[in-house]
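Okay, here's what each chain looks like letter by letter:
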Number of protein chains: 2
Amino acid sequence: MRNKISLKDIAKAVGVSTALVSYVLNNREREARVSPETAKKIREAAKELNYQPNQLAKSLKSGKSLAIGLILADISNPFFGHLARTIEDESKKKGYTVIVGSSDENYKNSERLMNTFIERQIDGFIIAPAEGSEAQLKYLNELNIPFVLIDRYFKEIESSYVVIDNFRATHDATAKLLELGHQNVAFVCYNNQLQHTIDRYNGYSKAMEEAGKKVTSKLLCKVKFNNPGDFHLKFRNLMTKGNKIDAVLFSTNTLSTLGLKTLMDLGIKIPDEVAVFCFDESESYDLFYCPVSYVSQPLKEIGQRAVQILVEMIGAKSGFHRQVILNSELVIRESCEKR
Amino acid sequence: MRNKISLKDIAKAVGVSTALVSYVLNNREREARVSPETAKKIREAAKELNYQPNQLAKSLKSGKSLAIGLILADISNPFFGHLARTIEDESKKKGYTVIVGSSDENYKNSERLMNTFIERQIDGFIIAPAEGSEAQLKYLNELNIPFVLIDRYFKEIESSYVVIDNFRATHDATAKLLELGHQNVAFVCYNNQLQHTIDRYNGYSKAMEEAGKKVTSKLLCKVKFNNPGDFHLKFRNLMTKGNKIDAVLFSTNTLSTLGLKTLMDLGIKIPDEVAVFCFDESESYDLFYCPVSYVSQPLKEIGQRAVQILVEMIGAKSGFHRQVILNSELVIRESCEKR
DNA sequence: CTATACTGCTTAAACGTTTAAACTAAGTAT
DNA sequence: ATACTTAGTTTAAACGTTTAAGCAGTATAG
């Protein structure tokens, strides 16, 4: 059916061996001493026949696929969508193709994706790991397949990663809220053991401690992943049970969006009745009645650094790891004012 | 560096030929009459050595890569992110891997992606085409590479596609606004020649005509792509130059978000001063002070049908095309009320 | 005791590349 | 005349699979 043109077809058309065609089309005619006329004929024939090299065969020969496997926690989450975009751009610059997969925060999916990608001989991975994927990452290490974690990492796993200083991000956001005079600053996070969740909690907790505040369960809201019902139940409880909360720090972008919506539904005025600090940028904030304060992650830099490190690792003969911790930025707007 | 295990390694370990190993690991031991003991030994060795088949070599041999190239107009746009998700899910079910690329609405990028994917021997494409990509699609047809267009299509290109009835969508939304008693219904769209833009305009225009309304330039706002400056200039003009506009229909999700934000910035009350109808669902709407009416596209079905058709096309010996036009749904909420 | 069939395996070619090595024909140096 | 160089090309093996064809050796049928 499909008219696939190979080196052999060009060779036949011109009347030379495939070797010559290969040399010419890889611009190695000089070192292979191909005559200019032959080279010209080969190039013309290649164009004429719409030749497209078979990257699979090349990869098989070279052992390099020039492909990077990107495993996102959730491709439909714009945070990861933007990250994917920067990673694609940077990879393109370095001559790599990106194969994207979404684990949907499920380590089983992630494992299947990993195997699919390994079978396709990708040269390395960039991964936003789901909870519970430690074993898989160890496995990658055993196989000597280079990978870089983004957004999240595991303390006990030897690996390269590019993340932000999550402790500092929530610490500074909390301190800002306290500095503005808020008394009862609540913290909303997911109920998981991912390091960035822990770090963000610790940052909040430390800032509270420094201000002489006690973190009680009345200030905490830990909700299940991918479970809006659980969120609504717990967050409504937090905000309506007379806990006197006058400020809330949300620790992820999904929690931020859910939280703002719930506050709006509850008719709680921001910032008059409660101040709000969100995590990550979102187009949604643009439509909120009150300009939203948030922790801004350097998405572009995360993507670029991850690709750069991965490409270095792929090129290196001996394994090494590089850890990058970037700074985030507080974007302070009306939502965290003290009224 | 990387410890890649091949059939040969297993064959050596067990003391048989690679052929036997291949038969066993493909569960074809019966037809190849491999003895149960040998088969067992082979499986054990494969497990022991962590064997992962080389899909590249398989594809080279079979001429099938079991991979689908997905070219999105913009991966950071959640509309396409969600679509990508359903396409990945459905492809997985059918045994295909998806390779995603984002053209960023630029046909040059799209062309480069296409070539990269062809070189990787993808079996077919799913494409949300950028403006100006007609020539590339014709080229795909020449090469007999199956593809399915989504979201957009071209009248003059023979192809399969899965789209919604855009004419009907805007027609019905406009009719709804008129039925509610709005007099001057404005229409905001991109200034391009993509069929879905034209269809959406025609739907609006027809509904206006049916109501005995004339569509004048005072009601139209055609803005440049990827150019918020142009949008703000023209849309502000539209809304503030005494055009008496009492309802606006936005024709894409990006225009909807930009529009809502601008209306909010201008202090124009929705729906009291102006009614609003948006296109596509968005998390952002959740945070808008007024529940937003919108045209809801069946994302899941679009993705599923696209994959199903593509897989059929890949499997067919002779070329065929299938066009699917799905219905969208109007979600009517407060934003389009007549006050 | 000779065909024939079956069992359990190996061989070898092929997919589309790359690339070291070999080959031929001509030119140059001694 | 002989050896060596150079230019321009071909040959062939290799990457990791698949699979048709072949080959022993044993079992069964007549």
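From a predicted model like this one, the values you see are computed outputs, not experimental measurements.

Visitor: Honestly, the domain arrangement of chain A in this entry has me stumped. Any pointers?
Guide: Often, the extent of an interface is quoted as the loss of accessible area upon association of its parts. Domain boundaries assigned for chain A yield domain 1 (7-53), domain 2 (63-164 + 299-327) and domain 3 (166-297 + 330-336). Here the C-alpha centre of domain 3 of chain A lies 63 Å away from the C-alpha centre of domain 1 of chain A.

Visitor: Which parts of the structure should I look at to understand the interface of chain A and chain B?
Guide: Every contact between the two is made by 63 residues of chain A and, on the other side, 63 residues of chain B. Of the roughly 5900 Å² buried between chain A and chain B on both sides combined, carbon and sulfur atoms contribute 53%. Where A:Arg85 meets B:Asp104, a salt bridge forms, and the shortest distance between an N and an O atom there is 3.0 Å. One can count 21 residue pairs in polar contact (both at pLDDT 80 or more) joining chain A with chain B. Only helix H4 (55-62), helix H5 (78-93), strand E2 (97-102), helix H6 (107-119), helix H7 (134-142), helix H11 (253-266) and helix H12 (283-286) of chain A provide two or more residues apiece to the side of chain A that touches chain B. The residue makeup of the side of chain A that touches chain B, split by class, is 25 nonpolar, 23 polar and 15 charged.

Visitor: Help me understand the protein's contact with DNA strand C, please; the structure alone is not making it clear to me.
Guide: Near DNA strand C you find 27 residues, and of these A:Ser22, A:Arg28, B:Ser17, B:Arg33 and B:Lys61 are the closest. The contact in question runs from a phosphate oxygen of DNA strand C to an N or O atom on the side chain of A:Lys8, over 3.5 Å. Here A:Lys61 contributes a side-chain N or O atom positioned 3.2 Å from a base oxygen of DNA strand C. Looking at the surface near DNA strand C, the elements with two or more residues in it are helix H1 (7-14), helix H2 (18-25) and H4 of chain A together with helix H2 (18-25) and helix H4 (55-62) of chain B.

Visitor: Where do I start with the packing of helix H8 (residues 166-179) of chain B against helix H9 (residues 195-210) of chain B in this structure?
Guide: Packed helix pairs are specified by the crossing angle of their axes together with the interaxial distance, meaning the distance between the axes. Residues and elements named next belong to chain B. Where H8 contacts H9, the axes come no closer than 7 Å and their chain directions differ by 35 degrees. When you trace H8 past H9, the crossing you get is right-handed. Contacts between H8 and H9 pair Asn166, Phe167, Thr170, His171, Thr174, Ala175 and Leu178 from the former with His196, Asp199, Arg200, Asn202, Gly203, Tyr204, Lys206, Ala207, Met208 and Glu210 from the latter. A class-by-class count of the residues in the contact of H8 with H9 yields six nonpolar, seven polar and four charged.

Visitor: Would you mind going over the sheet that holds strand E5 (residues 160-164) of chain A with me for this structure?
Guide: Backbone-to-backbone hydrogen bonds pair the strands of a sheet. The strands run either parallel or antiparallel. Residue and element names in this part refer to chain A. Judged by pairing direction, the sheet is parallel, and its six strands sit side by side in the order E2-E1-E3-E4-E5-E11 without closing on themselves. Taken across any chain shown, the strands that pair with only one partner, and hence form the sheet edges, are E2 and strand E11 (323-326). Sheet twist, expressed as the mean angle between neighbouring strand axes with direction ignored, is 15 degrees. The sheet contact formed by strand E4 (residues 147-150) and E5 spans three bridges and is parallel. Bridge pairing in E5 places leucine 149 opposite tyrosine 161. Where H6 meets the sheet, its contacts fall on strand E1 (67-72), E2 and strand E3 (124-127), and the angle it forms with E1 comes to roughly 175 degrees. Each of E1, E3, E4, E5 and E11 touches helix H13 (residues 299-315); the most contacted strand, E4, lies at about 165 degrees to it.

Visitor: So what exactly am I meant to see when it comes to empty space enclosed by the protein here?
Guide: Rolled over the atoms, a probe sized like a water molecule indicates the empty space that remains. Applying the stated criterion across every chain yields a total of two cavities of 30 Å³ or more. In this structure, the largest cavity occupies an estimated 130 Å³ of space. The wall of the largest cavity is formed by 13 residues, among which A:Leu56, A:Arg120, B:Leu56, B:Ile99 and B:Arg120 lie closest to the centre. Residue assignment for the lining of the largest cavity shows that the elements contributing at least two residues are H4 of chain A together with H4 of chain B. Along the lines of polarity and charge, the residues of the lining of the largest cavity split into seven nonpolar, four polar and two charged.

Visitor: What should I look at first to understand the relation of the copies chain A and chain B in this one?
Guide: What relates the pair of chain copies is a rotation about an axis plus a shift along that axis. With an RMSD of 0.1 Å, the fit of chain A onto chain B corresponds to turning through 180 degrees and sliding 0.0 Å along the axis. What the superposition gives is, in effect, a two-fold axis relating one chain to the other. When C-alpha positions in chain A are compared against the rotation axis, the closest is assigned to A:Ser284, at 1.9 Å. Of the interface residues in chain A, 100% have counterparts in chain B that sit at the interface too, so the contact is made through matching surfaces.

Visitor: For this particular structure, what's the right way to read the packing of aromatic side chains?
Guide: Aromatic ring pairs are described here by two measures, namely the spacing of the ring centres and the angle between the planes. Applying the stated criterion across every chain, the model contains 22 aromatic pairs over all chains. Ring centres 5.0 Å apart and planes at 75 degrees place the aromatic pair A:Phe79 and A:Phe80 in the edge-to-face group. Note on A:Phe79: relative accessible area 8%, which makes it buried. When the centroid spacing of 5.7 Å and the interplanar angle of 45 degrees are considered together, the rings of A:Tyr285 and A:Tyr294 count as tilted. By relative accessible area, A:Tyr285 is classed as buried at 2%. Here the guanidinium or amino end of B:Lys222 rests over the ring plane of B:Tyr201, the centre of that ring lying 5.0 Å away.

Visitor: Even after reading the chapter, I still don't get unusual backbone geometry, so can you show me in this structure?
Guide: For the bond from A:Ile270 to A:Pro271, the omega torsion is 0 degrees, close enough to zero to count as cis. Relative to the helices and strands, A:Pro271 is located in the loop between H11 and strand E9 (275-279). Unusually for a residue other than glycine, A:Lys244 sits at a positive phi of about 60 degrees. Here A:Lys244 is to be found in the loop between helix H10 (228-240) and strand E8 (247-250). A positive phi is found at B:Glu105, a non-glycine position, where the angle reads about 60 degrees. Tracing the chain through its elements places B:Glu105 in the loop between strand E2 (97-102) and helix H6 (107-119).

The rules we used
Residues numbered from 1 in each chain as written. Chains lettered and ligands numbered in written order. Predicted model: local features only at pLDDT ≥ 70, side-chain atom pairs only at ≥ 80, totals over all residues. Heavy atoms only, no water. Domains from an automatic or database assignment. Contact = heavy atoms within 4.5 Å. Buried area = accessible area lost by both parts, 1.4 Å probe. Salt bridge = Lys/Arg side-chain N within 4 Å of Asp/Glu carboxyl O. Polar contact = N/O pair within 3.5 Å; in protein donor to acceptor, adjacent residues only side chain to side chain. Helix = DSSP H or I, 4+ residues; strand = E, 2+ residues; numbered from the N terminus. Nonpolar A, V, L, I, M, F, W, Y, C, P; charged D, E, K, R; others polar. Near = heavy atom within 4 Å. Axes fitted to C-alpha atoms, helices over the stretch in contact; angles between N-to-C directions. Left-handed = near helix turned anticlockwise from the far one by under 90°. Pairing = 2+ DSSP bridges. 1 Å grid on protein atoms, 1.4 Å probe; cavity = no way out; pocket = protein on both sides within 12 Å on 5 of 7 lines; lining within 4 Å. Points joined across faces, edges and corners; volume = space filled by probe spheres on them. Least-squares fit on C-alpha atoms with pLDDT ≥ 70 in both. Phe/Tyr/Trp six-rings, centres within 6.5 Å; stacked < 30°, edge-to-face > 60°. Buried < 20%, exposed > 50% of the residue type's maximum accessible area, 1.4 Å probe, protein only. Lys NZ or Arg CZ within 6 Å of the ring centre and 35° of its normal.

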